[in-house]
Amino acid sequence: MLIADDNRSVRKGLRLQLEAARGIHVLGEVSNGLDAVTIARRERADVVLMDLQMPGMSGVEATRELTRSTTEPPVAVIVMTSYAIDAYVTDALDAGAIGYLLKSHDSEQLLAAIHAAMRGEALISHRVATPVVREFARRGAADPEMVARLSAAERRVVAVLSGGTTSNELIAERLRVSVHTVRSQMQSALKKLDLNDRTQLALWGARNRLDRDADSLI
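Worth saying up front: this structure is predicted, and the values here are computed from it rather than measured.

**A short note on the overall build of the chain**
- For the chain, the helix and strand inventory stands at twelve helices and six strands.
- Here the chain holds 218 residues, and 45% of them are scored as buried.
- If you take every contact in the chain between residues at least 6 apart in sequence, the share linking residues at least 24 apart comes to 64%.
- Here the chain has roughly 11100 Å² of accessible surface; of this, 47% comes from carbon and sulfur atoms.

**Section: the environment of Glu72**
- Along the chain, the position of Glu72 falls in the loop between helix 3 (59-68) and strand 4 (76-81).
- On the accessibility criterion, Glu72 (35% relative accessible area) is partly exposed.
- Taking C-alpha positions, Glu72 is 7.3 Å from Arg41, a pair spaced 31 residues apart along the chain.

**Things to note about the packing of helix 8 (residues 152-162) against helix 10 (residues 179-193)**
- Running from amino to carboxyl end, helix 8 crosses helix 10 at an angle of 95 degrees, the nearest separation of the two axes being 9 Å. Comparing the axis directions of helix 8 and helix 10 gives the class roughly perpendicular. Between helix 8, through Ala153, Glu154, Val157, Val158 and Leu161, and helix 10, the contact on the second element is made entirely by Val182, Gln185, Met186, Ser188, Ala189 and Lys192.
- Split by residue class, the contact of helix 8 with helix 10 holds seven nonpolar, two polar and two charged.

**Some remarks on the packing of helix 9 (residues 168-175) against helix 10**
- Closest axis-to-axis distance for the helix 9/helix 10 pair is 8 Å, and the angle between their directions is 105 degrees. With respect to each other, helix 9 and helix 10 are oriented roughly perpendicular. Contacts between helix 9 and helix 10 involve Asn168, Glu169, Ile171 and Ala172 from the former and Val179, Val182, Arg183 and Met186 from the latter.
- Taken together, the residues of the contact of helix 9 with helix 10 break down into five nonpolar, one polar and two charged.

**Topic: the side chain of Thr63**
- As for its placement among the helices and strands, Thr63 is situated in helix 3.
- Residues contacting Thr63, with those up to four places away along its chain left out, are Met50, Val77, Ala92, Ala95, Gly96 and Ala97.

**Some details on the pairing of strand 3 (residues 47-50)**
- Covered by surrounding structure in strand 3 are Val47 and Leu49 together with Val48 and Met50, the residues of both alternating faces.
- In this structure, strand 1 (residues 2-4) lies alongside strand 3, joined through three bridges in parallel fashion. By the bridge assignment, Ile3 is partnered in strand 3 with Leu49.
- Where strand 3 and strand 4 come together, four bridges link them in parallel fashion. Bridge assignment links Val47 to a residue of strand 4, and that residue is Ala76.

**Remarks on the pairing of strand 4**
- With six of its six residues buried, strand 4 lies for the most part within the structure.
- Going residue by residue along strand 4, you find Ala76, Ile78 and Met80 tucked away on one face and Val77, Val79 and Thr81 tucked away on the opposite face as well.
- In terms of strand pairing, strand 4 meets strand 5 (residues 99-102) through four bridges, oriented parallel. Across the sheet, residue Thr81 finds its bridge partner in strand 5, namely Leu102.
- Running through helix 4 (residues 86-95), the crossover from strand 4 to the neighbouring parallel element strand 5 is right-handed.

**Considerations on unusual backbone geometry**
- At Arg44, a position not held by glycine, the phi torsion is positive, near 55 degrees.
- Take Arg44: it is sitting in the loop between helix 2 (33-42) and strand 3.
- With a relative accessible area of 61%, Arg44 lands in the exposed category.

**Topic: helix 3**
- By the burial criterion, the buried members of helix 3 are Gly59, Val60, Ala62, Thr63 and Leu66. The buried residues of helix 3 occupy an angular sector of 160 degrees when projected down its axis, which confines them to one face.
- Where helix 3 is buried, its residues contact helix 2, strand 3, strand 4 and helix 4.

So, how was this worked out
- Residues numbered from 1 in each chain as written.
- Predicted model: local features only at pLDDT ≥ 70, side-chain atom pairs only at ≥ 80, totals over all residues.
- Heavy atoms only, no water.
- Helix = DSSP H or I, 4+ residues; strand = E, 2+ residues; numbered from the N terminus.
- Buried < 20%, exposed > 50% of the residue type's maximum accessible area, 1.4 Å probe, protein only.
- Contact = heavy atoms within 4.5 Å.
- Areas by Shrake-Rupley, 256 points an atom, 1.4 Å probe, with all protein chains shown as cover.
- Axes fitted to C-alpha atoms, helices over the stretch in contact; angles between N-to-C directions.
- Parallel < 35°, antiparallel > 145°, perpendicular 65-115°, else oblique.
- Nonpolar A, V, L, I, M, F, W, Y, C, P; charged D, E, K, R; others polar.
- Pairing = 2+ DSSP bridges.
- Right-handed = clockwise from strand over helix to strand, strands pointing away.
- Arc of directions from axis to C-beta.

Structure below.
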């Protein structure tokens, strides 16, 4: 993985934390978005930990470059920033980020977020999740025809996910099913709806009001 942050002390601190963790190999660190794109592609990074405010190319622009390519290997971008501003969060997710963490509150979630990103799963700070889901729900109208494509079991999983429970284990516990069942139903729903990841699925569920119906569906 690659660390991108314009603050040298932050980069060094993150690197020390990550190099001490099992299963994570730090390819290097950069101080701006342009270098993040260049190095991530050259070294074939699977995950980039991305700051937002950097000189030259911003973190959002770099995220968009890394996630929109159809010819380069996929890169999962986790934004780690000091800003809990709603517009920043939605811009980052619109650009393709799979995670959004706050430096001041979510350092303990960092390793979980990286491992989740490696599995193609999203992890968003609970301090910004609710307004983000509301914003994406506001953008579009419900689509009953698309909802009807899902089985009752798939709708229940999406309902709990879009209600803010992002862990497969917690979803399984709430629905009283196995984690394997949750993963299977999640993958099936993604395929039916032609969505790329859990973040998109959660936002789709909120837009289609499934999060409001979670209690009645369970």
